[in-house]
Amino acid sequence: MNLHHAVEISLTSPATHAELAHAARTLPLAANHDATRLMAVVHAKTPGRALHRVRRRLREALPLDAITTHYPDSSGHVLLNITLPPHADTAIRRAAASAGQKPRPFVQLALHRALAQHIEEEADLLDGAVQRLLATTASQLLTAVGRALTPTTGAPSC
């Protein structure tokens, strides 16, 4: 069963009008205001095949950076399709082999760990900011809450 998949395309540099026109003859595209991000709806059996189809059709026409599924799959994952420079690909293959893994799961695990660490660091920063805010404004905050909860004279009560 073939489905349609929404795909987002990030470009390494803004596409020219001529590049967009040429690419749109291959695949209908919608561009953002500065032509660095594009959207397409692709007919394919799976989201992964949709990403590969986009890369295959547009790799000669546009300066492709990353291609992603626009909506998460049933597991909540967004697929990412990137082409690495040869030296980076070689380094990943060597590191994966050293770890006794295949490159794809090795990269997936590394990305998952990096994202988890980033989320944890962002949460820590936010916690710190809230703590600093409360340390400097706790008395004002409590006073405001007290005023909000205390009926004023002459005001109708519930």
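Criteria and cut-off values
Every residue gets a number counted from 1 within its own chain, in the order that chain's sequence is written. Under the rules for a predicted model, residues below a pLDDT of 70 receive no local features and side-chain atom pairs below 80 are neither given nor counted, while totals for whole chains, interfaces and linings still include all residues. Only heavy atoms go into the side-chain values, all of them from the structure, while hydrogens and water stay out. Take a side-chain nitrogen of Lys or Arg and a carboxyl oxygen of Asp or Glu: if they are within 4 Å of each other, that pair is a salt bridge. Counting from the N terminus, the helices are DSSP H or I runs at least four residues long and the strands are E runs at least two residues long. Buried means the residue's accessible area, taken with a 1.4 Å probe over protein chains only, is under 20% of the maximum for its type, while exposed means over 50%, and partly exposed covers the values in between. Pairing between two strands is assigned when DSSP locates at least 2 bridges connecting them.

Visitor: Mind showing me how you'd approach the pattern of salt bridges here?
Guide: Side chains bearing opposite charge may pair, as long as their charged atoms lie close to each other. Considering all chains together, one arrives at two salt bridges under this definition. Among the ionic pairs, Arg37 bridges to Glu8, the shortest N-O distance being 2.3 Å. Residue Arg37 is located in strand 3 (residues 37-44), and its partner Glu8 is located in strand 1 (residues 3-11); the two are separated by 29 residues in the primary sequence. Its relative accessible area of 43% is what places Arg37 among the partly exposed residues. A salt bridge links Arg93 to Asp89, with the shortest nitrogen-to-oxygen separation between them at 3.1 Å. With Arg93 and Asp89 both in helix 3 (residues 86-98) and four residues apart, this pair spans about one turn of that helix. By relative accessible area, which is 48% here, Arg93 ends up partly exposed.

Visitor: Before we go on, may I ask you to explain the sheet that holds strand 2 (residues 30-31) in this structure?
Guide: The strands making up a sheet associate through backbone hydrogen bonding, with each pair oriented either parallel or antiparallel. The sheet built from five strands is open, its strands ordered 2-3-1-4-5 with antiparallel pairing. The sheet is open, and its two borders are formed by strand 2 and strand 5 (80-82), each paired with just one other strand. Note: strand 4 (residues 64-69) against strand 5, three bridges, orientation antiparallel. When the bridges of strand 5 are listed, Ile67 appears paired with Asn81.

Visitor: Just to check I follow, could you spell out the pairing of strand 3 for this structure?
Guide: Side-chain positions along a regular strand alternate between the two faces of the sheet. Side chains Leu38, Ala40, Val42 and Ala44 of strand 3 all project onto a buried face; the interleaved residues Arg37, Met39, Val41 and His43 project onto a face where none is buried. Pairing of strand 2 with strand 3 involves two bridges; the strand directions are antiparallel. Bridge assignment links Ala30 to a residue of strand 3, and that residue is Met39. As consecutive antiparallel partners, strand 2 and strand 3 are separated by five residues, and within that stretch Ala35 has a phi angle of approximately 55 degrees, a positive value.

Visitor: It is not clear to me how the pairing of strand 1 should be interpreted in this structure. Could you clarify?
Guide: Where strand 1 lies against strand 3, eight bridges are found, and the strand directions are antiparallel. By the bridge assignment for strand 3, Ser10 is matched with Arg37. In this structure, strand 1 lies alongside strand 4, joined through five bridges in antiparallel fashion. Counted as the bridge partner of Val7 is Thr69 from strand 4.

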